[in-house]
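Chain residues, written in single-letter form:
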Amino acid sequence: MNKTLLIITIAVTQILALHASAQCVEHNRTTKPGEWAHYNAYYNWHFIWMNAADVYFNTQAISDDLLLIESTGKTKSGYDWFFSVRDTFQTVVERATLRPKIFRQANYEGKTTTISNYEYDATARTLSAISTQKKGNKKSNKTTFNGEWDLCAADVLTMVYKARNIDFENYEPGDTIPMSLIINSEIFDLFIRYHGKSQASTRDGRTYECLKFTPLLVEGTIFSGGEDMTVWVTDDENRVPIVVEAKVLIGSVKAILDEVKGTLSPLKEIGK
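Worth saying up front: this structure is predicted, and the values here are computed from it rather than measured.

All right, on to the overall build of the chain then. A tally of regular secondary structure across the chain gives 2 helices and 15 strands. Out of the 272 residues in the chain, the part that is buried amounts to 51%. Within the chain, contacts between residues at least 6 apart in sequence are counted, and of these 52% link residues at least 24 apart. Approximately 12,700 Å² of the chain is accessible, and the part contributed by carbon and sulfur atoms is 49%.

Per the stated rule, a full pass over the model turns up 7 salt bridges. The partner of Glu35 in a salt bridge is Arg164, and the shortest N-O contact between them spans 2.8 Å. You can see Glu35 sitting in the loop between helix H1 (4–14) and strand E1 (36–45) and its partner Arg164 sitting in the loop between helix H2 (156–163) and strand E10 (176–183), a full 129 residues away along the chain. Owing to a relative accessible area of 5%, Arg164 belongs among the buried residues under this scheme. For Asp204, the salt bridge is made with Arg206, and the minimal N-O distance between the two is 2.9 Å. When its relative accessible area of 56% is taken as the criterion, Asp204 is described as exposed.

Despite not being glycine, Leu98 shows a phi value in the positive range, around 65°. In this fold, Leu98 is placed in the loop between strand E4 (85–94) and strand E5 (100–109). Given a relative accessible area of 1%, Leu98 falls into the buried group. Its identity is not glycine, yet Arg239 carries a phi of approximately 55°, on the positive side. For Arg239, a relative accessible area of 11% corresponds to the buried category.

Moving on, we come to the pairing of strand E12 (residues 207–215). The buried count for E12 comes to 7 of 9 residues, which makes it a mostly enclosed element. Direction of pairing for strand E11 (residues 186–201) relative to E12: antiparallel, over a ladder of 8 bridges. Bridge pairing in E12 places Ile192 opposite Pro215. Between E11 and E12, which follow one another and run antiparallel, lie 5 residues, and Gly205 among them has a positive phi close to 95°.

The next subject is empty space enclosed by the protein. Tallied over the full model, the rule gives 2 cavities of 30 Å³ or more. Roughly 70 Å³ of volume is contained in the largest cavity. In terms of lining residues, the largest cavity is bounded by 11 residues, among which Glu35, Tyr39, Phe57, Arg164 and Pro241 are the most central. Residue assignment for the lining of the largest cavity shows that the elements contributing at least two residues are E1 and H2. Residue composition of the lining of the largest cavity, grouped by class: 9 nonpolar, no polar and 2 charged.

Rules and cut-offs
Residues numbered from 1 in each chain as written. Predicted model: local features only at pLDDT ≥ 70, side-chain atom pairs only at ≥ 80, totals over all residues. Heavy atoms only, no water. Helix = DSSP H or I, 4+ residues; strand = E, 2+ residues; numbered from the N terminus. Buried < 20%, exposed > 50% of the residue type's maximum accessible area, 1.4 Å probe, protein only. Contact = heavy atoms within 4.5 Å. Areas by Shrake-Rupley, 256 points an atom, 1.4 Å probe, with all protein chains shown as cover. Salt bridge = Lys/Arg side-chain N within 4 Å of Asp/Glu carboxyl O. Pairing = 2+ DSSP bridges. 1 Å grid on protein atoms, 1.4 Å probe; cavity = no way out; pocket = protein on both sides within 12 Å on 5 of 7 lines; lining within 4 Å. Points joined across faces, edges and corners; volume = space filled by probe spheres on them. Nonpolar A, V, L, I, M, F, W, Y, C, P; charged D, E, K, R; others polar.

Pasting the structure below:
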């Protein structure tokens with residue numbers, strides 16, 4: 001539960017982008033300024049599902065060419081006594097291609113604070129990334145990455161929106177799609193595995209035709225590694241995530257769409 005937003009952004013989040021050069025010049029065709037979504041995040045421990053946190057995603061235009069994407073998450077007030085989470089992710093991207101310019105991350109989770117700042121320069125092919133983590137009175141060394149980088153690689157929040165532009169029609173169930181992800185100033189070469197079409201439902205019974213896939217996870221303080229996460233996104237022009245579920249080191253988590261507004265077109269429920 002203490003990593004709820006990071007897990008979701010990794011899932012919807014963090015694990016999603018094509019490594020192929022064609023993705024670097026992709027056209028953003030799934031989202032627009034003004035899109036807003038709310039997810040309820042559930043934590044499972046000993047067969048008990050707890051509605052533990054709220055997660056929000058929204059987009060807004062900051063110029064004709066640039067888009068600000070923000071995701072925030074916080075534990076519900078009834079769980080703050082157990083473990084308080086206040087997470088914010090922000091990225092500025094080119095509206096047409098989703099190529100990132102600036103990324104900011106601020107995570108306040110229990111006694112741990114993580115701050116990351118990335119600045120991209122696609123022309124010079126350089127990336128300046130600084131991540132700092134503080135826990136109690138101990139502060140980790142500041143990590144700085146500078147040098148050439150793959151133009152397809154990006155931060156976790158940018159990847160959430162880039163992943164919605166993957167053309168799954170080019171893949172068969174079981175195919176893997178490679179990608180490069182920047183996490184805490186490190187670049188990881190990962191992949192997602194496409195599982196074909198499937199249905200997914202919200203807590204209030206809305207059911208949607210979806211595309212299903214599992215990302216390869218980075219082993220660390222949240223995951224044990226492997227493909228222990230499953231994502232369902234709508235099989236329409238919006239590609240909105242409906243359900244994200246994952247095993248974590250202790251228990252499991254699930255994020256379920258509660259409400260979405262400002263999509264390119266209304267989400268079409270099965271039977272409606």
